[in-house]
Amino acid sequence: MNRDYVRYALRRVLQAVVVILLAYVFTFVVISVLPGDPVTTTLRNPQNGFSEEEIQRIVAYYGLDRPVPEQLWQSLSRFLTGDLGVSLRSGLPVSRLISEVLGSTLVLAASALGVALVLAFAIGFGTQYLPKRYGQGLLRAFPSLFLSVPNFVIGLLLINVFAFQLGVFRVIDSEGGLATLFAAVALGIPVSARIAEVLVANLDHESAEEYASVARSRGLGRTGLLLRHLLKPSSLPVVTVIALAVGELLGGAVITEQIFGRTGIGSLVERSVTTQDLPVLQAVVTLAAIVFVGVNLIADLVYPLLDPRVRLGESRPRPKTEVAA
């Protein structure tokens, strides 16, 4: 590992830390500038059942009786030590509430990413193997079709057909293996469209290069050409697309969990919005920023190792997204 890469990695890590801190500060500022005092208003709601002593203790904990800059410094200091605050609804630590549901969301998101990759590479390989009228027409239309249908519509269709009509899985067993698979399919189909577009465009580009023509002239078949020469350079831009798709997976997971009745970050966000549990909302937003920035950081660090042509002083090259007609 050379010094240039070490300096590049340190610079990227520092940038990622700054982005996460700015996301936390931005969320805090947005909450602070809301009209009135949303935290105290929530505490004094008779339905929450807090006594005056408990209210004063929570107000002192969050420093609501101090200037906003002091509140920000106190909140940021706690965040850096892993303290995400206390829920205004349940009185439990926010980190505990998130840890109870995070695993379900990560399983769903990871499964959806796996589904998206399988679909995308199946479409990409199909455009190179199937006869021209199928590969150029039907398969190349799939990404546009997948993008045009929202994941909640796909989820409702899957539930109606495979749960209610065919009985393949039970809606009441939302955490079961089959239910998770169908939820992942609903979430992964729209994500697969972007990956497939980039993969197909780059396979077309690489197959038109001179080295591919030379390989064909030497008698190399389509399978050998694809696996030995076209796959790696065509797959590299997919790393960028996967990193960018993380935000879509997290946002889509919130909706998909509600449709399939799963207990995850989506249900926690829904309850927090309904009850105005602002510390929980701030922690979820920050967690999403951490995951998104972290995945993009990994992509930034891996890309130069996969493609020596990438200059360490530059960002990842933008993938080709044009799909041939």
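Residues numbered from 1 in each chain as written. Predicted model: local features only at pLDDT ≥ 70, side-chain atom pairs only at ≥ 80, totals over all residues. Heavy atoms only, no water.

Novice: How should the pattern of salt bridges be read in this particular structure?
Specialist: When their charged atoms lie close together, side chains carrying opposite charge are able to pair. In the structure shown here, the tally under the stated rule is two salt bridges. Residues Arg78 and Asp83 are paired through a salt bridge, measuring 3.8 Å at the closest nitrogen-oxygen approach. Notably, a salt bridge pairs Arg96 with Glu100, separated by 3.4 Å at the nearest N-O pair. Note that Arg96 and Glu100 are positioned in helix H5 (residues 94-129) at a spacing of four residues, about one turn of the helix. (Salt bridge = Lys/Arg side-chain N within 4 Å of Asp/Glu carboxyl O. Helix = DSSP H or I, 4+ residues; strand = E, 2+ residues; numbered from the N terminus.)

Novice: Explain the confidence of the model for the chain here, please?
Specialist: As a note on interpretation, predicted positions should not be read in detail where pLDDT is low. For the chain, per-residue confidence averages 79 on the pLDDT scale, and 86% of positions sit at 70 or higher. The secondary-structure element of the chain with the lowest mean pLDDT is helix H2 (residues 38-43), recorded at 64, while helix H7 (residues 151-165) shows the highest, at 88. (pLDDT = per-residue confidence, 0-100.)

Novice: Explanation requested: the nonpolar core in the structure shown.
Specialist: Most often, soluble globular proteins keep nonpolar side chains buried together rather than apart. Leu108, Phe169, Leu187, Val191, Ile195, Leu230 and Phe260 are the most contacted members of the largest nonpolar core, which has 39 residues in total. Take this core: its biggest share by element is 15 residues, from helix H8 (residues 177-207). Leaving out residues up to four positions away in the same chain, Phe260 has contacts with Gly155, Ile159, Phe169, Val171, Ser174, Ala179, Phe182, Ala183 and Ala186. (Core = buried A, V, L, I, M, F, W, Y, C linked by side-chain atoms within 4.5 Å. Buried < 20%, exposed > 50% of the residue type's maximum accessible area, 1.4 Å probe, protein only. Contact = heavy atoms within 4.5 Å.)

Novice: Please clarify how the packing of aromatic side chains should be interpreted in this entry.
Specialist: Aromatic rings considered in pairs are described by the distance between their centres and by the relative angle of their planes. Tallied over the full model, the rule gives seven aromatic pairs. Relative to Phe182, the ring of Phe162 has its centre 4.7 Å away and its plane inclined at 35°; by these criteria the two rings are tilted. In this pair, Phe162 is assigned in helix H7 and Phe182 in helix H8, connecting sequence segments 20 residues apart. Taking relative accessible area as the criterion, Phe182 reaches 11% and is therefore assigned buried. Measuring from ring centre to ring centre gives 4.9 Å for Phe169 and Phe182, while their planes differ by 25°; the resulting arrangement is stacked. Of this pair, Phe169 sits in the loop between H7 and H8 while Phe182 sits in helix H8, placing them 13 residues apart in sequence. No difference in accessibility class separates Phe169 from Phe182, as the two residues are buried. Counting every residue linked through ring pairs, the aromatic cluster contains Phe162, Phe169, Phe182 and Phe260. (Phe/Tyr/Trp six-rings, centres within 6.5 Å; stacked < 30°, edge-to-face > 60°.)

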